[in-house]
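Understanding the architecture of this molecule
The lines below spell out each chain.
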2 protein chains.
Amino acid sequence: MSRIVYVNGSYLPEEEATVSIFDRAFLMADGVYEVTSVLGGKLIDFAGHMARLERSLNALGMNKPEAFDELLDIHRELVTRNDIDEGMIYLQVSRGAAGDRDFVFPDPEVVKPTLVLFTQSKPGLADNPTAKTGIKVISIDDIRWGRRDIKTVQLLYPSMGKMMAKDAGADDAWLVEDGKVTEGTSNNAYIVKDGRIITRELSTDILHGITRAAVLRFAREAQMTVEERSFTVDEAQQADEAFVTSASTFVMPVVALDGAPIGDGTVGPVATRLREIYIEESIKAGV
Amino acid sequence: MSRIVYVNGSYLPEEEATVSIFDRAFLMADGVYEVTSVLGGKLIDFAGHMARLERSLNALGMNKPEAFDELLDIHRELVTRNDIDEGMIYLQVSRGAAGDRDFVFPDPEVVKPTLVLFTQSKPGLADNPTAKTGIKVISIDDIRWGRRDIKTVQLLYPSMGKMMAKDAGADDAWLVEDGKVTEGTSNNAYIVKDGRIITRELSTDILHGITRAAVLRFAREAQMTVEERSFTVDEAQQADEAFVTSASTFVMPVVALDGAPIGDGTVGPVATRLREIYIEESIKAGV
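Residues numbered from 1 in each chain as written. Chains lettered and ligands numbered in written order. Predicted model: local features only at pLDDT ≥ 70, side-chain atom pairs only at ≥ 80, totals over all residues. Heavy atoms only, no water.

Some details on the relation of the copies chain B and chain A
Look at the two chain copies: a rotation about an axis and a shift along it is all it takes to match them. By a simple turn and slide, chain B fits onto chain A: the slide is 0.0 Å along the axis, the RMSD is 0.0 Å, and the turn is 180 degrees. Classification of the inter-copy transformation places it as that of a two-fold axis. In this assembly the copies share their binding face: 100% of the residues contributing to the interface of chain B also contribute to that of chain A. (Least-squares fit on C-alpha atoms with pLDDT ≥ 70 in both. Contact = heavy atoms within 4.5 Å.)

This is the structure in structure tokens:
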């Protein structure tokens, strides 16, 4: 069955969903995106994702799409039309199609942003069996651009990183810069040592994860100790536990790094507990 | 008059030229490109651009588009159909549209690369009056990813750099990393001091310019001294001349850097001579 997707005001079968070859996301990676999860048909952390979208647009001097204030309705319409119980909604805004290629930004009065949304149905997302066994990661050099806090579509290297992990028999990669882990290819990275949850502090070096913010809040509410600081691969390999967070994986345990088991090489209690809390609280707060 | 452009085997009016919203260049900047100039209806340095295209594809493990061996014909057809005397032909290959979004590369047996070409008519390209007055550049931090030798569509920061230059009353920006100039936003950077032409050596830090290679060859043939090494902004401001090279600007003199005049602040003889030689020899060798 074909999905119904949204492109610039129209709901279309996915096969008919196209953008101009002059769209600046296609020609110059001049676009930003968000991924919002759906659990039980409800949107998870929706307000957080839309706030970050606005932040990304502002950071790039990009106008909001005309339908910005209708984004909740559009998300809900896509959930309904595609009968999504569990899954994700992908949203992308680009600076639009100026009708030609030019490094200079087009006049925002003339060229309107492109807005695209589509669903990805993932039955079993909350009850993902991988969360019981954990994932294995490798470390790779972080050679991405310097503004990883802006959620742009410049995802070629993260994509290459996933392929490097796959080729190494692992599930994902952690990026390392100046000897310290920045984050995962599409998630924030954490270790747990002596009961303390350690994750890199916010800066332009990492994505300001919406799931990260929620998980750290829940952790603190549960009286867990959180340390926001960077850590090395060595330190991670000596940790008791490790995990990643993202909108689509929630809290996902990491059980090995570069072939070395983390802790006893199985899923630990802190990651398990945080995943439970996050999913439970997020479903309650879903819209 | 509407251009005729090329998309995956079809010649189309530009208004009808679209790609799927699932195209990986649109969603993940997973695409590479080339720009070939046209002078007198002939393609300039065509073989060099196609060799670099192949290098970019190989570096990303991307298949050649099916029409790879017909690219000369396609370029010529577009020149003819759009009556291009002077201008550029833009070519982009992406990893294709997998029908969904996934960081993992799609199976290349199933998902074919997307091939897009379009023309940009620029009458007066060879006799560009700006070459007589030169351009002013500013220096900005180089925060791009680490593989600038691969000509990907990750051009958001170069585009932002052009806007920073514009906002500063300049024409373009030079990128600086670890105190040294890497290159311009869309060109290679050079200074001239005591008759020596100085430009950064090839590495993953800069684009391996096709025009750069030709200009350095012509310079050496003309008994000029070429030093391939990096230089600082300070050194550039103390130089006798400066210039940039690219497929669309050929050799373009730079007369100021961060507000300081270079040499006497006018176009110098080395840049002028190299521009003449490059255009003359390239037209002779055009195909």
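Having seen the structure, we can now continue with the description.
Some thoughts on the nonpolar core
Core analysis: the largest hydrophobic core is formed by 85 residues, its most contacted members being Ile21, Ile197, Leu274 and Tyr278 of chain A together with Ile21 and Tyr278 of chain B. Contact partners of Leu274 of chain A, with chain neighbours within four places excluded, come to Ile197, Val215, Ala219, Met224, Phe243 and Val251 of chain A. (Core = buried A, V, L, I, M, F, W, Y, C linked by side-chain atoms within 4.5 Å. Buried < 20%, exposed > 50% of the residue type's maximum accessible area, 1.4 Å probe, protein only.)

A closer look at helix H6 (residues 210-221) of chain A
Residue and element names in this part refer to chain A. The first and last C-alpha atoms of H6 sit 17 Å apart over twelve residues, in line with the 16 Å expected at 1.5 Å per residue. Looking only at H6, the buried set comprises Ile210, Thr211, Arg212, Ala214, Val215, Leu216, Phe218 and Ala219. One or two residues past the end of H6 sits Gln223, with phi positive at roughly 65 degrees. (Helix = DSSP H or I, 4+ residues; strand = E, 2+ residues; numbered from the N terminus. Expected span 1.5 Å × (residues − 1).)

A few points about the environment of Ala97 of chain B
All names here are of chain B. With respect to the helices and strands, Ala97 occurs in the loop between strand E6 (87-94) and strand E7 (114-121). In sequence terms Ala97 and Thr114 are 17 residues apart; their C-alpha atoms lie 7.4 Å from each other. Once residues lying within four places of it in the same chain are set aside, the contact partners of Ala97 are Ser20, Phe22, Asp23, Val111 and Thr114.

Topic: the domain arrangement of chain A
Residue and element names in this part refer to chain A. When the domains of chain A are assigned, the result is domain 1 (4-121) and domain 2 (130-285). Computed over C-alpha atoms, the centres of domain 1 and domain 2 are 26 Å apart. Each partner contributes residues to the interface: domain 1 has 20 residues there, and domain 2 has 21 residues. Per-residue buried area on domain 1 facing domain 2 is highest for Tyr33, Leu39 and Arg52; these three make up 33% of the total on that side. Where domain 1 touches domain 2, the interface holds one salt bridge. At the junction of domain 1 and domain 2, the tally comes to seven residue pairs in polar contact (both at pLDDT 80 or more). Secondary-structure elements contributing two or more residues to the side of domain 1 that touches domain 2 are strand E4 (31-39), helix H2 (46-59) and strand E6 (87-94). (Domains from an automatic or database assignment. Buried area = accessible area lost by both parts, 1.4 Å probe. Salt bridge = Lys/Arg side-chain N within 4 Å of Asp/Glu carboxyl O. Polar contact = N/O pair within 3.5 Å; in protein donor to acceptor, adjacent residues only side chain to side chain.)

A look at the sheet that holds E6 of chain A
All names here are of chain A. Spatially, six strands are ordered E2-E1-E7-E6-E4-E5 in an open sheet, and the strand pairing comes out antiparallel. Edge positions in the open sheet fall to strand E2 (10-13) and strand E5 (42-43), since each of these has one partner strand only. Direction of pairing for strand E1 (residues 4-7) relative to strand E7 (residues 114-121): antiparallel, over a ladder of two bridges. By the bridge assignment for E7, Tyr6 is matched with Leu117. On the sheet, helix H3 (residues 71-81) packs against E1, E2, E4, E5, E6 and E7 and is oriented at approximately 35 degrees with respect to E7. (Pairing = 2+ DSSP bridges. Axes fitted to C-alpha atoms, helices over the stretch in contact; angles between N-to-C directions.)

Considerations on the interface of chain B and chain A
Buried accessible area, meaning the area lost when the parts come together, often serves as the stated size of an interface. On the side of chain A, 53 residues touch chain B, which itself brings 53 residues to the contact. Summed over both partners, the interface of chain B with chain A comes to about 4500 Å²; 69% of that surface belongs to carbon and sulfur atoms. Looking only at chain B, the three residues that lose the most surface to chain A are Phe26, Phe103 and Leu156 of chain B, adding up to 18% of its buried area. Counting the contacts that link chain B with chain A gives two salt bridges. A salt bridge links Arg3 of chain A to Asp100 of chain B; the nearest nitrogen and oxygen atoms lie 3.2 Å apart. Taken together, the connections running from chain B to chain A amount to 24 residue pairs in polar contact (both at pLDDT 80 or more).

Quick look at H3 of chain A
All names here are of chain A. If you check which residues of H3 are buried, you get Leu71, Ile74, His75, Leu78 and Val79. Taken end-on, H3 shows its buried residues confined to a sector of 140 degrees, consistent with a single buried face. What points out from H3, more than 90 degrees from its buried face, is the exposed set Asp73 and Thr80. Of the residues trailing H3, Asp83 is marked for its positive phi of about 50 degrees. (Arc of directions from axis to C-beta.)

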